[in-house]
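Listed below, chain by chain, are the residues.
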Amino acid sequence: MSDEEHHFESKADAGASKTYPQQAGTIRKNGYIVIKNRPCKVVEVSTSKTGKHGHAKCHFVAIDVFNGKKLEDIVPSSHNSDVPHVNRTEYQLIDISEDGFVSLLTENGNTKDDLRLPTDEVLLKQIKDGFGEGKDLVVTVMSAMGEEQISALKDIGPR
């Protein structure tokens, strides 16, 4: 045995997995699931009973949380499915750059400059119009599986 002390540098995410396993039969509507390596929100679940020796199967219909595409998957209800860790964080909007990136203020006073404006036309128009009018805007950023996107907007009054 050595008398040396070991020091480990800690990272913010502690190397945590982007997903966690959950039994398919316990995933419900409005929950999240990974289909074809994409984080999705479940919009419909139907369970089918199979024959004498087969497994009951769950049929999932889900919408990709970032691009809105509809995906489907069928999994035996006793098997595990991957469920993404989905986080929502609110940031105050500071600036919109000409190349389509936003500048956001984090809780600890730092700025976050690596996010693009959303692709959703309605949300994009609301953000640009509100910012143009000089309103104080708070955007909700949804993150899952290493991707981030602005998903909602709140107006907290004039500056």
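Residues numbered from 1 in each chain as written. Predicted model: local features only at pLDDT ≥ 70, side-chain atom pairs only at ≥ 80, totals over all residues. Heavy atoms only, no water.

Peer 1: Teacher, can you tell me more about the confidence of the model for the protein here?
Peer 2: Parts of the model with low pLDDT should not have their predicted coordinates read in detail. Residues at a pLDDT of 70 or more form 88% of the protein, whose mean pLDDT is 85. Confidence drops under a pLDDT of 50 for residues 9–15, and excluding neighbours within four residues, the segment shows zero contacts in the predicted structure. (pLDDT = per-residue confidence, 0-100. Contact = heavy atoms within 4.5 Å.)

Peer 1: Which parts of the structure should I look at to understand the environment of P39?
Peer 2: In this structure, P39 sits in strand β3 (residues 38–48). On the accessibility criterion, P39 (1% relative accessible area) is buried. Sequence-wise, P39 and K18 are 21 residues apart; in three dimensions their C-alpha atoms are separated by 9.9 Å. When sequence neighbours within four positions are dropped, the list of residues in contact with P39 reads I33, I63, D64, V65, F66, P84, A144 and M145. (Helix = DSSP H or I, 4+ residues; strand = E, 2+ residues; numbered from the N terminus. Buried < 20%, exposed > 50% of the residue type's maximum accessible area, 1.4 Å probe, protein only.)

Peer 1: In this structure, what is going on with the side chain of T140? I would like to understand it.
Peer 2: For T140, the position within the fold is in strand β10 (residues 135–144). Ignoring sequence-local partners within four residues, the contact set of T140 consists of R88, T89, E90, Q149, I150, S151 and A152.

Peer 1: Any chance you could explain helix α1 (residues 121–132) here in plain terms?
Peer 2: Every α-helix winds through 3.6 residues per turn, so residues three or four apart in the chain are directed the same way. Its 12 residues give α1 an end-to-end C-alpha distance of 16 Å, which sits within 8% of 16 Å, the value for a rise of 1.5 Å per residue. Every buried residue of α1 is listed here: L123, L124, I127 and G130. For α1, the buried positions fall inside an angular range of 145° around the axis, keeping them on one side. Away from its buried face by more than 90 degrees, α1 exposes E121, V122, K125 and G132. G134, located one to two residues past α1, shows a positive phi value of around 75°. (Expected span 1.5 Å × (residues − 1). Arc of directions from axis to C-beta.)

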